[in-house]
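# Observations on the model geometry
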Amino acid sequence: MTNLADRPNSPRGDRRREQLVETGILLLGEHGWPGVTTRAVAERAGTNPGLIHYHFGGLPGLHEAIFRRATDLVVGPLVTELLNAEDERAALTLMRGLPAQAAGDEPTPRLAAELIVGATRDPALGAVLRDELRRGRARIAARLGRLRPAWTAARLDGVATLVTAAIDGLMLHRLIDPGLPVGEALTAVEDLLEADGP
């Protein structure tokens, strides 16, 4: 029988749930989704496999919790940094450093790749990622709207979509090709900004 202190609504249960999710994220970064099994998570966390069913209703529930946390870890900080940039050029300077940071922080691009894999294989996980990306794009479009009040809503949405796609693409391509000419790509974007004017 499960210890009453491990109940989902107890502080100890919350800590155990958190431990299982964090363990799952580590395994996801190391081995991808095939490595995130009930047995592997329980063994790494040093706990009973039955607790995964108890806290998450089984492996699919744990996968969803891991997916949500990994999405927060990958998408959230990037969007926050972009929103804190003074203007578009400052955001581009930030983007110049992202691929280098990604190369030095191997789990981040690996988690990003696994999020895409999980989202394409499982419609429930796909909905989670879709909604998070939509929120991020909306926040970027709102920030651009404050910087470029003359732009239409459609243009703001379009640019926000291009920005998020560029970040995703640069990170994932850099994972495959460390020699990716990121600087040249961002210089081309700066040239477009200059042509567009303030």
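Residues numbered from 1 in each chain as written. Predicted model: local features only at pLDDT ≥ 70, side-chain atom pairs only at ≥ 80, totals over all residues. Heavy atoms only, no water.

### Some remarks on the overall build of the protein
As a reminder of what qualifies: The helix count covers DSSP runs of H or I at least four residues long, the strand count covers runs of E at least two residues long, and both are numbered beginning at the N terminus. Exposure was quantified through the Shrake-Rupley algorithm and a 1.4 Å probe, taking into account, for residues, occlusion by the shown protein chains and nothing else.
Along the protein, the regular secondary structure elements total nine helices and zero strands. For the protein, the α and β elements follow one another from N to C terminus as α-α-α-α-α-α-α-α-α. For the protein, the accessible area works out to roughly 10800 Å², and carbon and sulfur atoms hold 58% of it.

### With respect to the environment of leucine 73
Applied cut-off: Here's how the labels work: a residue is buried when its accessible area is under 20% of the maximum for its type, exposed when over 50%, partly exposed in between, all with a 1.4 Å probe on protein chains only.
Mapped onto the secondary structure, leucine 73 falls in helix α4 (residues 59-84). On the basis of relative accessible area, leucine 73 is assigned to the partly exposed category, the value being 45%. A sequence separation of 48 residues divides leucine 73 from isoleucine 25, and the C-alpha atoms of the two residues are 10.0 Å apart.

### Thoughts on the packing of helix α1 (residues 11-31) against α4
The criterion, for reference: For helices, the fitted line uses only the C-alpha atoms of the stretch in contact; every axis is such a line through C-alpha atoms, and the angle between N-to-C directions lies from 0 to 180 degrees. Any angle that falls under 35 degrees is termed roughly parallel, while one over 145 is termed roughly antiparallel, one within 65 to 115 roughly perpendicular, and all others oblique. For this analysis, residues touch if any pair of their heavy atoms sits within 4.5 Å. The residue classification treats Ala, Val, Leu, Ile, Met, Phe, Trp, Tyr, Cys and Pro as nonpolar and Asp, Glu, Lys and Arg as charged. All others, Gly included, are polar.
Closest axis-to-axis distance for the α1/α4 pair is 9 Å, and the angle between their directions is 70°. One element, α1, and the other, α4, form an angle in the roughly perpendicular class. On α4, the residues that touch Glu18, Leu20, Val21, Glu22, Gly24, Ile25 and Leu28 of α1 are Leu62, Ala65, Ile66, Arg69, Ala70 and Leu73. Here the residues of the contact of α1 with α4 are counted per class, giving nine nonpolar, one polar and three charged.

### Let's talk about the side chain of threonine 23
The residue threonine 23 is located in helix α1 in this model. Judged by its relative accessible area of 7%, threonine 23 falls in the buried class. Residues within four places of threonine 23 in sequence aside, it is in contact with Val41, Arg44 and Ala45.

### Thoughts on the confidence of the model for the protein
Counted only if it meets this: The quantity called pLDDT is the predictor's confidence in a given residue, expressed from 0 to 100.
For the protein, per-residue confidence averages 83 on the pLDDT scale, and residues scoring 70 or more make up 87% of the total. Here helix α5 (residues 88-104) stands out as the least confident element of the protein, with mean pLDDT 66; helix α2 (residues 38-45) is the most confident, with 96. Confidence drops under a pLDDT of 50 for residues 1-6, and excluding neighbours within four residues, the segment shows 13 contacts in the predicted structure.

### A short note on the nonpolar core
Here is the rule we go by: To define a nonpolar core, start from buried Ala, Val, Leu, Ile, Met, Phe, Trp, Tyr and Cys residues and group those joined through side-chain atoms within 4.5 Å.
Counting residues in hydrophobic clusters, the biggest one holds 46 residues, and the most contacted among them are Leu62, Ile66 and Phe67. Broken down by element, this core gets its largest block of residues, eleven residues, from α4. Apart from the residues lying within four places of it in its own chain, the contact partners of phenylalanine 67 are Trp33, Leu115, Gly118, Ala119, Leu125, Val128 and Leu129.

### Some words on the packing of aromatic side chains
The condition is simple: Only Phe, Tyr and Trp rings are paired, with Trp represented by its six-membered ring, and only when their centres lie within 6.5 Å; those with planes under 30 degrees apart are stacked, over 60 edge-to-face, the remainder tilted.
One pass over the full model with this rule turns up one aromatic pair. Ring geometry for tryptophan 33 against phenylalanine 67: centres 6.2 Å apart, planes inclined by 20°, an arrangement best described as stacked. Highlighted residues: tryptophan 33 in the loop between α1 and α2 and phenylalanine 67 in helix α4, separated in sequence by 34 residues.

### Concerning the packing of helix α7 (residues 123-147) against helix α8 (residues 153-176)
As a reminder of what qualifies: Crossing handedness is read from the near helix: turned anticlockwise from the far helix by less than a right angle, it gives a left-handed crossing, and turned clockwise, a right-handed one.
One way to put it is that α7 packs onto α8 with a least axis distance of 8 Å and a crossing angle of 125°. Considering their axes alone, α7 and α8 lie oblique with respect to each other. For the pair α7 and α8, the sense of crossing is right-handed. Where α7 abuts α8, its residues Arg137, Ile140, Ala141, Leu144 and Gly145 lie against Leu156, Asp157, Val159, Ala160, Thr161, Val163 and Thr164. Residue composition of the contact of α7 with α8, by class: seven nonpolar, three polar and two charged.

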